[in-house]
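Understanding the architecture of this molecule
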Amino acid sequence: MSAPPSEDLVQQWESEQARLRGLVVEQDTEQWQKNPDFLGLERVGGVDLSFIKGDEVNACAQLVVLSYPQLEVLYEDSQMVALTAPYIAGFLAFRETPFLLEALKRLEKNKPELMPQVVFVDGNGLFHYREFGLACHLGVLSGLPCVGVAKNLLQVEGVYKNEEHQSQIAALQKGGDSFPLTASSGKVLGKALRSSQKSSKPVYVSVGHKIGLDTAVRLTHSCCRYRVPEPIRQADCRSREYLRVHFPAAET
DNA sequence: GCGACAG
DNA sequence: ATCTTGTCGC
């Protein structure tokens, strides 16, 4: 039911990723990031899109802003959107970014004082085929510090989900433990993090923009009540709730 | 041909 | 992403 991806489009997207890749800032740029307790950090954002079953186009774009360190929801924005780009692994940003940017724009217009100081993104940052995942894309285009948190491992640049990987996961004993995801080039592209004591399945953290990897991992851990960091979890729950309320299951 | 494939 | 309830364990 879906048209095969146009080669031209994919090449255009690759070229766009290469262009924007050079604008990523992979280090801490904010004062709060250097503080052991993130003193000065008061607002953390989370974004996500939820879909209607069997609907390729319509989705709910969600932005939430939570207080830090309390992690209570200060702001919520749900907006139905019509997606135009197809989902292609490695090009998730072209499908989702425009709507996440619009949500940030609405926030800037309506509650600028609630603009988050860092945004958690559902997906990868530098841990990506061309080192430019969704979290980098949103970071560069918004100018905000962003952290990528993926729930599943993407096999990229020499990182495999093999026995070695499984054994490294088994070695993560307590919440906060992590191990590096190292590309064949030797560069550490991200880290697998045991985000909570309970969940043995890690999350995959990588730099999006304007934050260093170790800071991103430490911050992610500090935002986890459960396996998925609270900002992303809230965005996910609330966008799904929105769909439940506004688009009841179609029966026949 | 086979496996991989963030969300 | 979504399809999907209960169930086993701490």
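Please refer to the structure placed before this passage.
Presented here is an overview of the structure given in this document. (Residues numbered from 1 in each chain as written. Chains lettered and ligands numbered in written order. Predicted model: local features only at pLDDT ≥ 70, side-chain atom pairs only at ≥ 80, totals over all residues. Heavy atoms only, no water.)

It is worth spelling out the environment of H165 at this point. Mapped onto the elements, H165 comes out in helix α5 (residues 163-170). Separated by 16 residues in sequence, H165 and L181 have C-alpha atoms that sit 9.3 Å apart. If near-sequence neighbours (up to four positions away) are discounted, H165 is found in contact with L153, Y160, F179, L181 and Y204. Engagement of the side chain of H165 in a polar contact is seen with the side chain of Y204, the distance being 3.0 Å. (Helix = DSSP H or I, 4+ residues; strand = E, 2+ residues; numbered from the N terminus. Contact = heavy atoms within 4.5 Å. Polar contact = N/O pair within 3.5 Å; in protein donor to acceptor, adjacent residues only side chain to side chain.)

Below, the discussion takes up the protein's contact with DNA strand B. Lining the immediate environment of DNA strand B, one finds 20 residues, of which Y87, G90, K151, N152 and Q155 sit closest. Considering the 4 Å shell around the protein, atoms of DNA strand B inside it are sugar or phosphate in 55% of instances. Within the backbone of L92, a nitrogen or oxygen atom sits 3.2 Å from a base nitrogen of DNA strand B. Side-chain polar atom of K161 to a phosphate oxygen of DNA strand B: 3.0 Å apart, as the coordinates give it. Taken together, the residues of the surface near DNA strand B break down into 9 nonpolar, 7 polar and 4 charged. (Near = heavy atom within 4 Å. Nonpolar A, V, L, I, M, F, W, Y, C, P; charged D, E, K, R; others polar.)

Attention shifts here to the nonpolar core. By size, the foremost hydrophobic cluster in this structure holds 31 residues, and its most contacted members are L41, Y68, V147 and L219. Of all the secondary structure elements, the ones that give two or more residues to this core are β2 (58-67), β4 (118-122), α4 (134-142), β5 (146-150), β8 (203-209), α6 (213-222) and α7 (230-246). Those residues within four positions of L219 in sequence are excluded, and the remaining contacts are W32, F38, L41, Y68, V118, F120 and I211. Counting residues in each nonpolar core, the second largest holds 24 residues, with Y75, L107, V119 and A135 among its members. (Core = buried A, V, L, I, M, F, W, Y, C linked by side-chain atoms within 4.5 Å. Buried < 20%, exposed > 50% of the residue type's maximum accessible area, 1.4 Å probe, protein only.)

Every residue close to DNA strand C is listed here: S50, F51, K53, K151 and R240. Between DNA strand C and K151 there is a distance of 3.1 Å, counted from a phosphate oxygen to a side-chain nitrogen or oxygen. The residue inventory of the surface near DNA strand C, partitioned by class, reads 1 nonpolar, 1 polar and 3 charged.

Attention now goes to the packing of aromatic side chains. This model, assessed by the stated rule, comprises 5 aromatic pairs. The interplanar angle of 5 degrees and the centroid separation of 4.7 Å between the aromatic rings of W13 and F94 together place this pair among those described as stacked. Pair noted here: W13 is in helix α1 (residues 7-21) and F94 is in helix α3 (residues 92-110), with a separation of 81 residues, a long-range link. Under the relative-accessibility criterion, W13 is labelled buried at 8%. Looking at F94, the relative accessible area reads 15%, which means it is buried. Note on F91 and F94: the rings are 6.4 Å apart at their centroids and 45 degrees apart in plane angle, and the pair reads as tilted. Looking at F91, the relative accessible area reads 5%, which means it is buried. Each member of the aromatic cluster is reached from another via a ring pair, and the members are W13, F91 and F94. (Phe/Tyr/Trp six-rings, centres within 6.5 Å; stacked < 30°, edge-to-face > 60°.)

Following the sequence through the fold, I52 ends up in the loop between β1 (43-51) and β2. With a relative accessible area of 21%, I52 lands in the partly exposed category. As a C-alpha pair, I52 and S6 span 46 residues in sequence and 25 Å in three-dimensional space.

This part is about the environment of G208. Positionally, G208 belongs in strand β8. Taking relative accessible area as the criterion, G208 reaches 0% and is therefore assigned buried. G208 sits 83 residues away from G125 along the chain, and the two C-alpha atoms are 4.4 Å apart. Those residues in contact with G208 that lie beyond four places of it in its chain are V24, G125, A135, C136, C146, V147 and G148.

The next point concerns unusual backbone geometry. Residue Y68 is joined to P69 through a cis peptide bond whose omega torsion reads 10 degrees. Position of P69 among the secondary structure elements: in the loop between β2 and β3 (73-82). Positioned with a positive phi, F38 is a non-glycine residue whose angle comes to about 55 degrees. By the secondary structure assignment, F38 is in the loop between α2 (31-34) and β1. Note on F38: relative accessible area 3%, which makes it buried.

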